[in-house]
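Structural characterization, general
Residue-level listing of the chains:
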Amino acid sequence: MAQYSRISGSVGLITLSNPPVNALSAAVRQGIVDTVEKALGDPQVKSVVICGQDGIFCGGADIKEFGKNMSGPPLIPMIHTIECATKPMVAAIEGSALGGGLELALGCHYRIAHSKARLGLPEVTLGLLPAAGGSQRLPRLIGVPAALDLITTGRHVTAAEALQLGIVDQVTDHATVDAAVKFALSVAGKPLDTRRISTYPCPHVSDVDALCENVMQKVRKSAHGAIAPIACVQAVRAAATLPYTQGMEREKELMATLYTSGQARALQYSFFAQRAVSKWRIPSGARWDTSTPRPLHKVAVIGLGTMGRGITVALAQAGLPVITVETHEKQLMEAKRAVSDMLNRGAKRRGVAPPLDKISYSCNLQDLADVDLVIEAVFEDMTLKKKVFRQLSAVCKPGTLLCTNTSGLDVDQLASQSRNPELVVGMHFFAPAHVMKLLEVVYGPQSSPQAVATAMQLGKKMGKVSVAVGNCRGFVGNRMLKLYTEQASFLLEEGATPDLVDQAIEEFGFPMGVFKVSDLSGLDVGWRIRKEEKLAGLSVASGQSTRIREGRRYSPLADLLCEQGRFGQKTGRGWYQYDKPGGRVARSDPWLHHFLEEYRAQHGLVARHIDHQEVLERCLYAMINEGFRILEDGIAAGPEDIDVIYVFGYGWPRHRGGPMFYSGMVGLEKVLERLEHYYQAHPDVPHLQPCRLLRRLVARGSPPVHKWREVIKNLHSQL
Ligand SMILES: CCCCCC/C=C/CC(=O)SCCNC(=O)CCNC(=O)[C@H](O)C(C)(C)COP(=O)(O)OP(=O)(O)OC[C@H]1O[C@@H](n2cnc3c(N)ncnc32)[C@H](O)[C@@H]1OP(=O)(O)O
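Predicted, not measured: the structure shown is a model, and the values here were computed from it.

Basis of the calculations
Residues numbered from 1 in each chain as written. Predicted model: local features only at pLDDT ≥ 70, side-chain atom pairs only at ≥ 80, totals over all residues. Heavy atoms only, no water. UniProt positions renumbered as here; feature names shortened; annotations may be inferred. Helix = DSSP H or I, 4+ residues; strand = E, 2+ residues; numbered from the N terminus. Core = buried A, V, L, I, M, F, W, Y, C linked by side-chain atoms within 4.5 Å. Buried < 20%, exposed > 50% of the residue type's maximum accessible area, 1.4 Å probe, protein only. Contact = heavy atoms within 4.5 Å. Near = heavy atom within 4 Å. Polar contact = N/O pair within 3.5 Å; in protein donor to acceptor, adjacent residues only side chain to side chain. Areas by Shrake-Rupley, 256 points an atom, 1.4 Å probe, with all protein chains shown as cover. Axes fitted to C-alpha atoms, helices over the stretch in contact; angles between N-to-C directions. Parallel < 35°, antiparallel > 145°, perpendicular 65-115°, else oblique. Nonpolar A, V, L, I, M, F, W, Y, C, P; charged D, E, K, R; others polar. Pairing = 2+ DSSP bridges. Salt bridge = Lys/Arg side-chain N within 4 Å of Asp/Glu carboxyl O. Domains from an automatic or database assignment. Disulfide = S-S within 2.5 Å.

Listed under "domain: 3-hydroxyacyl-CoA dehydrogenase C-terminal" (unreviewed entry) in the UniProt record, and renumbered for this structure, are residues 474-578 and 615-703. With 67% helix and 0% strand, the stretch residues 615-703 has end C-alpha atoms that lie 27 Å from each other.

Residues Leu368, Val501, Leu620 and Phe628 are the most contacted members of the largest nonpolar core, which totals 107 residues. Residue contributions to this core peak at 11 residues, all from helix 23 (residues 612-633). Non-local contacts of Leu368, meaning those with residues more than four positions away in its chain, are made with Ala300, Ile302, Ile323, Val325, Val374, Leu392, Val395 and Cys396. In terms of nonpolar packing, the next biggest core, distinct from the first, is built from 71 residues, Ala2, Ile93, Ile230 and Leu254 among them.

On to the site of the ligand. Of all residues adjacent to the ligand, which total 21 residues, the nearest are Gly59, Ala61, Gly100, Arg275 and Lys279. Take Ala61: an N or O atom from its main chain is 2.7 Å from an oxygen atom of the ligand. Note that an oxygen atom of the ligand is positioned 2.7 Å from one of the backbone N or O atoms of Gly100. Protein burial of the ligand: of its 1,100 Å² of free accessible surface, 70% is covered by the chains. Looking at the shell around the ligand, the elements with two or more residues in it are strand 5 (96-98) and helix 11 (262-276).

As a further point, take the packing of helix 4 (residues 134-142) against helix 10 (residues 244-259). The N-to-C vectors of helix 4 and helix 10 enclose an angle of 135°; their axes lie 9 Å apart at closest approach. One way to sum up the angle between helix 4 and helix 10 is to call them oblique. Within the contact between the two elements, helix 4 uses Gly134, Ser135, Gln136, Arg137 and Arg140 and helix 10 uses Tyr244, Gly247, Met248 and Glu251. Here the residues of the contact of helix 4 with helix 10 sort into two nonpolar, four polar and three charged.

Another point: the side chain of Ser393. Note that Ser393 resides in helix 14 (residues 382-395). Beyond its immediate sequence surroundings of up to four residues, Ser393 is in contact with Leu402, Gln417, Ser418 and Arg419.

Attention now moves to the pairing of strand 6 (residues 110-114). Burial analysis of strand 6 places five of its five residues in the buried class, which makes it a mostly covered element. One ladder, built from four bridges, connects strand 4 (residues 89-93) with strand 6; its direction is parallel. Within strand 6, the position partnered with Ala91 by the bridge is Arg111. When strand 6 meets strand 9 (residues 170-172), the two strands line up parallel, connected through three bridges. In the sheet register, Ile112 faces strand 9, and the bridge partner there is Gln170.

With that settled, consider the sheet that holds strand 16 (residues 438-443). Spatially, eight strands are ordered 12-11-10-13-14-15-16-17 in an open sheet, and the strand pairing comes out mixed. Two strands lie at the open edges of the sheet, namely strand 12 (359-362) and strand 17 (465-470), each paired on one side alone. Ignoring which end each strand starts from, the neighbouring axes of this sheet average 25° apart. In this sheet, strand 15 (residues 424-429) lies alongside strand 14 (residues 401-404) in parallel orientation, the contact comprising three bridges. By the bridge assignment for strand 15, Cys403 is matched with Val425.

So, on to the pattern of salt bridges. Overall, the coordinates contain 40 salt bridges when judged by the stated rule. Across the pair Arg618 and Glu614 runs a salt bridge, and its minimum N-O distance is 2.8 Å. Within this pair, Arg618 and its partner Glu614 are both found in helix 23, separated by four residues, close to a single helical turn. Across the pair Arg674 and Glu673 runs a salt bridge, and its minimum N-O distance is 3.3 Å. The exposure class assigned to Glu673 is partly exposed, which follows from its relative accessible area of 40%. Among the charged side chains, a salt-bridge network with shared partners connects Glu493, Glu494, Arg547, Arg553, Arg608, Glu614 and Arg618.

For the rest of this paragraph, the subject is the domain arrangement of the protein chain. By domain assignment, the protein chain separates into domain 1 (2-259), domain 2 (299-471), domain 3 (496-504 + 511-602) and domain 4 (612-718). A C-alpha centroid distance of 43 Å is found between domain 1 and domain 2.

The next thing to look at is unusual backbone geometry. Peptide bonds are trans in most cases, and residues, glycine excluded, mostly fall at negative phi. The amide bond that connects Pro19 to the next residue, Pro20, takes the cis arrangement and shows omega of 5°. If you trace the backbone, Pro20 turns up in the loop between strand 2 (11-16) and helix 1 (26-41). At the junction of Ala431 and Pro432, the peptide bond is cis and its omega measures out at -10° in the coordinates. For Pro432, the location among the structural elements is in the loop between strand 15 and strand 16. Its identity is not glycine, yet Phe475 carries a phi of approximately 55°, on the positive side. Its location among the elements puts Phe475 in the loop between strand 17 and helix 17 (477-494). Among the residues examined, Phe475 registers a relative accessible area of 0% and is labelled buried. In this structure, Lys534 takes a positive phi of about 65° despite not being glycine. Looking at the secondary structure, you find Lys534 in the loop between helix 20 (523-532) and strand 18 (548-549).

It is worth spelling out the environment of Pro354 at this point. Turning to its location among the elements, Pro354 is positioned in the loop between helix 13 (329-350) and strand 12. The partly exposed category is assigned to Pro354, whose relative accessible area is 30%. For the pair formed by Pro354 and Asp169, sequence separation is 185 residues and the distance between their alpha carbons is 32 Å. Not counting residues up to four positions away in its chain, the partners in contact with Pro354 are Leu343, Asn344 and Ala347.

Counting buried positions along helix 3 (residues 100-107) gives eight out of eight residues, so the element sits mostly inside the fold. When helix 3 is considered as a whole, its buried residues turn out to be Gly100, Gly101, Leu102, Glu103, Leu104, Ala105, Leu106 and Gly107.

Turning to the UniProt feature "domain: 3-hydroxyacyl-CoA dehydrogenase NAD binding" (unreviewed entry) in the protein chain, a few remarks are in order. Here, UniProt's "domain: 3-hydroxyacyl-CoA dehydrogenase NAD binding" (unreviewed entry) annotation points to residues 298-471. Between the first and last C-alpha atoms of residues 298-471 the distance is 27 Å; the span itself is 38% helix and 22% strand.

Using the criterion set out here, one finds zero disulfides in the structure. Here Cys58 is not cross-linked by a disulfide; its sulfur's nearest cysteine counterpart is in Cys108, at 11 Å.

Below you can see the structure in the form of structure tokens.
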């Protein structure tokens with residue numbers, strides 16, 4: 001787990017060896033302890049280089065070991081021994097030095113990094129802090145403000161930035177280990193007193209309390225209830241105000257609270273869930289490791305509205321040649337300007353050249369004859385999309401993959417319009433498409449393994465977290481969201497206000513409450529869909545009660561607001577009021593409260609007191625119940641898929657893992673009991689009826705989330 005050799009006569013070389021990222025498992029830590037002892041005890045060795053096998057220094061502590069009984073040598077004394085060594089210790093950093101990996105490097109006397117290496121202390125993203133001395137050494141090395149930035153955000157820095165900050169001593173474009181060995185030879189025998197970071201005083205900051213308080217306030221605002229960023233500030237403050245040994249005590253104390261917290265469990269689950277979804281498998285038996293994606297030389301986007309433009313930008317930024325098509329020259333030119341602006345802004349931010357030359361613009365569908373993949377992003381209208389699919393099917397070369405960007409339309413219906421339905425998949429992007437990380441890749445019963453693999457790989461290339469999901473109304477994300485927003489409206493009917501509901505949701509950790517999101521995205525979008533579905537507007541069958549549609553409870557509140565022209569931010573009025581159309585700051589609206597009172601009076605509803613707990617239970621448990629139904633239906637392969645969709649696409653607080661993980665944290669019995677309670681109170685809301693899988697899991701003793709797949713498999717085999 002750590003190999004030892006002597007090279008260039010007097011350099012001891014320690015190579016961490018634990019593929020794929022050389023994580024510091026118990027065996028690796030033991031290997032380091034043993035090989036360091038060997039190197040220090042070998043009189044021939046005058047200096048030591050520590051590197052990692054296969055081009056990566058170290059991805060940090062082995063996250064799989066967290067939550068289990070820790071065995072093997074602990075990191076802190078191991079790093080302390082390295083720092084106290086009387087022979088120069090040099091870290092040769094290639095690939096990544098993250099978390100415990102960087103802490104190990106900070107224990108060394110020198111650090112040489114390859115120019116492509118990335119360094120960071122991302123523990124905060126796992127609900128932890130750098131507790132192997134990282135929170136105490138980094139501020140001593142680079143100063144408190146820079147350390148606060150790196151430790152509270154967990155961001156990775158490039159080798160160039162690391163050099164500028166003073167984290168590394170040298171950056172090389174050549175073989176890193178060779179450079180480190182050369183360096184180690186040059187420093188052999190030199191005094192090390194000035195190289196032990198733990199002995200450095202923390203660089204002076206004029207008002208450390210004010211600085212830390214300022215950062216604390218920022219962190220509190222952006223953390224949405226996450227505790228690790230706050231502990232990170234406290235740990236760095238200890239480095240700035242206490243001697244090293246006392247700072248280490250504080251680091252340990254803070255870590256002890258985080259290490260066993262539910263938030264750390266949720267964040268670590270989320271880390272693995274994000275990776276698990278890339279290993280997709282679908283009911284046809286096709287899977288990630290047996291399906292070969294199609295090479296993409298040229299792709300196309302049809303329809304350059306908001307979504308089409310964002311998708312074009314994401315494709316061009318991923319380095320793909322894109323041809324875009326709009327119906328009219330005027331719209332095409334408008335879109336070209338907007339796309340170019342977006343690319344220019346993105347390039348400026350990243351300090352690179354804008355990939356403007358990757359995109360060509362056309363009004364002629366015939367220009368798509370030679371593309372390998374098309375993403376159709378026209379208006380969300382089935383008739384229009386079908387027409388486009390028929391045209392594409394006639395124009396494109398055989399084998400071209402046809403993808404539709406839709407937020408919920410039936411992908412199978414569209415596939416039926418194509419000559420090759422096996423080459424059709426849905427690609428549900430989230431707005432703004434060049435920014436949002438989530439992509440739902442929607443497969444149908446006929447989609448070929450290659451089509452799914454290609455869309456998944458394309459998503460990855462665009463930097464997205466792609467999740468393969470089955471075809472159903474709203475797919476996974478929007479299908480669940482519908483139940484959440486529906487409950488929110490019911491709560492208004494029963495006595496809540498948008499302010500109260502949003503406050504409860506934001507306190508839970510969502511960046512924005514349900515009504516603020518609705519105002520932001522525009523109430524008219526859902527209204528148009530409900531009118532098409534004949535749930536709203538003039539086409540509603542006469543004689544139907546306003547509050548019942550298709551035999552179940554329906555809230556017409558959003559429709560009524562739309563009838564008044566209250567579409568949200570864009571009209572300056574919605575569930576809230578704004579200072580002007582397009583205004584961003586939501587203010588409570590007395591008109592709305594009065595409107596709700598009148599509505600209740602009109603329908604004989606008596607307002608009752610609703611507390612935050614009920615808001616959360618009604619909105620979140622209804623959504624979670626639908627998540628279980630989605631698993632039951634086989635639309636998502638496992639709870640991780642749903643959780644990743646919610647964390648990356650819907651603002652679910654990552655430190656709560658995702659809706660399915662959260663239900664396990666709450667306790668499945670409790671979720672079941674509360675759903676039963678609410679279903680009894682609202683029998684006209686069938687979605688509150690606890691579904692079979694939830695009942696089955698509770699009957700099986702509520703196994704942890706990673707065991708659910710077995711229960712789901714059994715359930716499917718009985719159907
Ligand atoms: C009181 C107790 C004191 C305890 C002290 C504990 C101290 C903790 C400090 C830490 O070090 S916490 C860990 C900090 N490190 C990280 O957060 C890094 C996590 N990893 C990454 O960011 C990336 O994996 C990477 C290193 C940048 C590589 O990215 P790449 O895209 O190349 O590969 P992935 O698909 O992400 O990963 C490949 C494979 O490796 C698994 N893995 C990655 N890192 C770890 C890890 N630190 N521990 C265990 N496993 C890891 C990952 O899950 C993938 O596995 P798969 O099975 O192939 O999906």
